[in-house]
Amino acid sequence: MRGMRRIAGLGAAALMVAAGILVAGPVGTASATSADCSGGANGFTDIPDTLTGTAVGAGSVSNAFGESAAYYQETGTVGGPQMGWGYLTSHMGEYTIARVWMDVSNDGGATWIQCGPFSRYLSGTLTTAAYPTSAAPGRRFRTCASITGTDGNMDCLGWW
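Residues numbered from 1 in each chain as written. Predicted model: local features only at pLDDT ≥ 70, side-chain atom pairs only at ≥ 80, totals over all residues. Heavy atoms only, no water.

**Student:** Whenever I open this one, the sheet that holds strand 4 (residues 97-105) confuses me. Can you help?
**Tutor:** Paired through their backbone hydrogen bonds, the strands of a sheet run either parallel or antiparallel. An order of 5-4-8-9 is seen for the four strands of this open sheet, with the pairing classed as antiparallel. The sheet is open, and its two borders are formed by strand 5 (113-121) and strand 9 (154-156), each paired with just one other strand. Adjacent strand axes in the sheet meet at a mean angle of 15° when their direction is disregarded. Bridge count between strand 8 (residues 140-147) and strand 9: three bridges; the pairing is antiparallel. (Pairing = 2+ DSSP bridges. Helix = DSSP H or I, 4+ residues; strand = E, 2+ residues; numbered from the N terminus. Axes fitted to C-alpha atoms, helices over the stretch in contact; angles between N-to-C directions.)

**Student:** Any chance you could explain the state of the cysteines here in plain terms?
**Tutor:** One covalent bond between the sulfur atoms of two cysteine residues makes up a disulfide. Inspection of the entire model under this criterion finds two disulfides. Across the chain, the way the bonded cysteines pair up, counted in sequence order, is 1-2, 3-4. (Disulfide = S-S within 2.5 Å.)

**Student:** Whenever I open this one, the packing of aromatic side chains confuses me. Can you help?
**Tutor:** Each pair of aromatic rings is reported with the distance of its centres and the angle of its planes. Under the defined criterion, the tally for this structure stands at five aromatic pairs. On the numbers, 4.7 Å between centres and 50° between planes, the contact of Phe-44 with Tyr-131 is tilted. You can see Phe-44 sitting in the loop between helix 1 (2-19) and strand 1 (54-62) and its partner Tyr-131 sitting in strand 7 (residues 131-132), a full 87 residues away along the chain. Classification of Phe-44 by relative accessible area gives buried; the value is 2%. Classification of Tyr-131 by relative accessible area gives buried; the value is 12%. Pairing Phe-141 with Trp-160 gives two aromatic rings, centres 6.0 Å apart and planes at 40°, and the pair type is tilted. With a gap of 19 residues between them, Phe-141 in strand 8 and Trp-160 in the segment after strand 9 connect regions that are remote in the sequence. Looking at Phe-141, the relative accessible area reads 1%, which means it is buried. One aromatic cluster in this structure is built from Phe-44, Tyr-131, Phe-141 and Trp-160. (Phe/Tyr/Trp six-rings, centres within 6.5 Å; stacked < 30°, edge-to-face > 60°. Buried < 20%, exposed > 50% of the residue type's maximum accessible area, 1.4 Å probe, protein only.)

What follows is the structure in structure tokens.
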């Protein structure tokens, strides 16, 4: 019986891989939405799209049209507590979309909840929702961004 369960389990896994259901590796932007962290969901706090703090990481994404977006992992005080959030500033035309999201982990990056993506058309600034920082050794943040016209490419900062 044990062998039959193992064979059935392997067969089910093979079918899921063939159907594209089983995903190995980091979760992409399609796995979450801004609703997962907006309006206080999952311990996040909404902040203005213009809020900046102390940048603890920075990156950029660009496309073949010369449009670009810079993104940052920010920390600072939000309504009292220390928090972390993603911040994006973009320089784009009207048909380009920049996206920013933040991953928060409580186990050193082994698993995480994704906050976003949040999208912006045209040039300007954009933030993710904020999440409390912690002295706990497992609490980690990373910010990621993408811009249309890059064949689906995205970039993420390292865990902070």
